[in-house]
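# Observations on chain architecture
If you want the building blocks of each chain, they are given just below.
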Amino acid sequence: IKPLAGTALEFDLLQSYPNPASGMAHIPFALNKASQVRISVVDATGRVVAVVMDGMRPQGFHTESLDTRALNPGSYFLILETNGDRTTRPFSVMR
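The paragraphs below set out a description of the structure included in this document.

Rules behind the numbers
Residues numbered from 1 in each chain as written. Predicted model: local features only at pLDDT ≥ 70, side-chain atom pairs only at ≥ 80, totals over all residues. Heavy atoms only, no water. Helix = DSSP H or I, 4+ residues; strand = E, 2+ residues; numbered from the N terminus. Contact = heavy atoms within 4.5 Å. Polar contact = N/O pair within 3.5 Å; in protein donor to acceptor, adjacent residues only side chain to side chain. Pairing = 2+ DSSP bridges. Axes fitted to C-alpha atoms, helices over the stretch in contact; angles between N-to-C directions. Salt bridge = Lys/Arg side-chain N within 4 Å of Asp/Glu carboxyl O. Buried < 20%, exposed > 50% of the residue type's maximum accessible area, 1.4 Å probe, protein only.

Time to look at the environment of R69. Summarising the element assignment, R69 is placed in the loop between strand 5 (60–67) and strand 6 (74–82). Between the C-alpha atom of R69 and that of N83, which follows or precedes it by 14 residues, the distance is 30 Å. What R69 contacts, discounting residues up to four positions off in sequence, is S22, G23 and R95. Polar side-chain contacts of R69 include one of 2.6 Å to the side chain of D67.

The structure is reproduced here in structure tokens:
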């Protein structure tokens, strides 16, 4: 979880596993308070190709799963958005 200047720890998007993925991928993240959360998969052109989840989650550590079989092999970014902030992690799919 990353500290923000003058605030308590807010949230963090941890590295997905396995990475690269060829089937199910697991996306761990942490919240310091209950929040509306959206996790998206974005391709290299910035196009959203999947929404992993979009909803409320309680404070704590969470893991969402993504079936990567519908994605083409290649490089992507996972984007976690909550409370007007966002963080990004690289993510790869292989066959």
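Okay, the sheet that holds strand 1 (residues 11–13) next. With respect to topology, 3 strands assemble into an open sheet ordered 1-2-5, the strand pairing being antiparallel. Looking at strand neighbours, the two that pair on one side only are strand 1 and strand 5, the edges of this open sheet. Strand-to-strand twist across the sheet, computed as the mean angle between neighbouring axes with direction ignored, equals 20°. Both strand 2 (residues 24–31) and strand 5 contribute to a ladder of 8 bridges, which runs antiparallel. Bridge assignment links F29 to a residue of strand 5, and that residue is H62.

Take the pattern of salt bridges next. Throughout the structure, instances matching the rule amount to 5 salt bridges. A salt bridge links R86 to E81; the nearest nitrogen and oxygen atoms lie 3.0 Å apart. By relative accessible area, which is 27% here, E81 ends up partly exposed.

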